[in-house]
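Chain and residue survey
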Amino acid sequence: MVTLDGKPVSADDLLPLALTNLGHFTSMRVEADGTIRGLSLHTERLARDCKAVFGTALDTGPVLDFVRRGLDGQDLPCVVRVTIYDPGMDLGHLAGVAEPHVLVPVRGAGTSRPAPLRAMSVTYERDLPQVKHVGLLGPLHARRTAQLAGFGDVLFVGRDGHVSEGSTWNVGFVDRDGIVVWPQADVLPGVTMALLRERAEHRVATVTLDRAKDMVAAFATNTAVGVRPLAAIDTTALSLEHPALDDLAAAYLSVPGEPL
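Keep in mind that this is a model prediction, so the values were computed, not measured.

**Section: the packing of helix 2 (residues 39–54) against helix 3 (residues 60–71)**
Angle between the axes and distance between the axes: these two values describe a pair of packed helices. For the pair helix 2 and helix 3, interaxial distance at closest approach is 10 Å and the crossing angle is 120 degrees. One way to sum up the angle between helix 2 and helix 3 is to call them oblique. Taken as a pair, helix 2 and helix 3 cross one another with a handedness that is right-handed. Contact residues: helix 2 offers L39, T43, L46 and A47, while helix 3 offers T60, V63 and L64. Its residues assigned to classes, the contact of helix 2 with helix 3 shows 5 nonpolar, 2 polar and no charged.

**Describing the environment of E99**
With respect to the secondary-structure elements, E99 resides in the loop between strand 5 (78–85) and strand 6 (101–108). Sequence separation of E99 and D86 is 13 residues, and the distance between their C-alpha atoms is 5.5 Å. Apart from residues lying up to four places away in sequence, E99 is in contact with Y85, D86 and P87.

**Re the pattern of salt bridges**
Tallied over the entire structure, the rule returns 13 salt bridges. Across the pair R126 and E165 runs a salt bridge, and its minimum N-O distance is 3.1 Å. Placement of the pair is R126 in the loop between strand 7 (117–123) and helix 4 (137–148) and E165 in strand 9 (residues 163–166), with a sequence separation of 39 residues. Look at E165 and you get buried, because its relative accessible area is 4%. Note that D175 is salt-bridged to R203, the shortest N-O span being 3.3 Å. Separated by 28 residues along the polypeptide, D175 in the loop between strand 10 (170–174) and strand 11 (180–183) and R203 in strand 12 (residues 202–205) bring together distant segments of the chain.

**Considerations on unusual backbone geometry**
The omega angle of the peptide bond from L76 to P77 is 5 degrees, so this bond is cis rather than trans. For P77, the position within the fold is in the loop between helix 3 and strand 5. Even without being glycine, D5 reaches a positive phi, approximately 55 degrees. At L128, a position not held by glycine, the phi torsion is positive, near 45 degrees. Note on L128: relative accessible area 42%, which makes it partly exposed.

Quick notes on the rules
Position labels on residues start from 1 in each chain and follow its written sequence. For a predicted model such as this one, the threshold for reporting local features is a pLDDT of at least 70, and the threshold for listing and counting side-chain atom pairs is 80 or more; totals across whole chains, interfaces and linings nevertheless cover every residue. Working from all heavy atoms in the structure, the side-chain values ignore hydrogens and water. To obtain each axis, a line is fitted to C-alpha atoms, and for helices this fit is confined to the stretch in contact; angles are then taken between N-to-C directions over 0 to 180 degrees. Helix and strand definitions here come from DSSP, where helices need a minimum of 4 consecutive H or I residues and strands a minimum of 2 consecutive E residues; each element is numbered from the N-terminal end. Between 65 and 115 degrees an angle is taken as roughly perpendicular, under 35 as roughly parallel, over 145 as roughly antiparallel, and anywhere else as oblique. Definitions for this section: a left-handed crossing has its near helix turned counterclockwise from the far helix by less than a right angle. A right-handed crossing has that turn clockwise. Pairs of residues are marked as contacts when any of their non-hydrogen atoms sit within 4.5 Å. In this classification, the charged set is Asp, Glu, Lys and Arg, the nonpolar set is Ala, Val, Leu, Ile, Met, Phe, Trp, Tyr, Cys and Pro, and all remaining amino acids, among them Gly, are polar. In what follows, salt bridge is the name for a side-chain nitrogen of Lys or Arg lying within 4 Å of a carboxyl oxygen of Asp or Glu. Relative accessibility under 20% of the residue-type maximum defines a buried residue, over 50% an exposed one, and the middle range a partly exposed one, all with a 1.4 Å probe and only protein chains included.

The values are spatial; any link to function lies outside them.
Shown next as structure tokens:
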């Protein structure tokens, strides 16, 4: 099911997004009871990013109504993606006043904990990293390269040698004192990461690739998977048994969902 402003979407509606690829989005996991962890943070992101991308205020009330319509009759849990774009914009004419519209596709969500992830490090810095935008060629090309090399995904390292994030996830580490360490870098401010920072002792520090490989454990976070342990970075194995990993997963699951 895919809707645009609460109505079935057509191929013509999608052409500007496919050809111009200017927009931003957020993805939310809807639980079996119909609630969403961090819903208010997701709506704040949509409003903030709309201002950054289009210079336009976004009324999130109608957006949530379109999400409710998109979820009507869907099996739960599921993942709903909310993409904001202007079908009236084209590649050669982008300076007009934007009229954002709301695209809502829905897909099923897994109910089991995903397998630990092996990540290959690559040198990469996302464009406009503070915005969750639709420009995913670089991250997805890097992910494909990693998967062709036998890994599950990629871990980005900036030109300064500092670890930042994964292709579509934030990364955190557990140091030898059992403290959670989030990288000090230009990264997408993930909702799952924000929720965990509120609930688990942590510090923010510069993490080089060598330092990352010297950590006891590491994990990926995003809405679809919650907390997913990293089994390895390149050829360096990481612990999958550290109690902090279970504590983080439990902390995330303890976050009360917000009703739509």
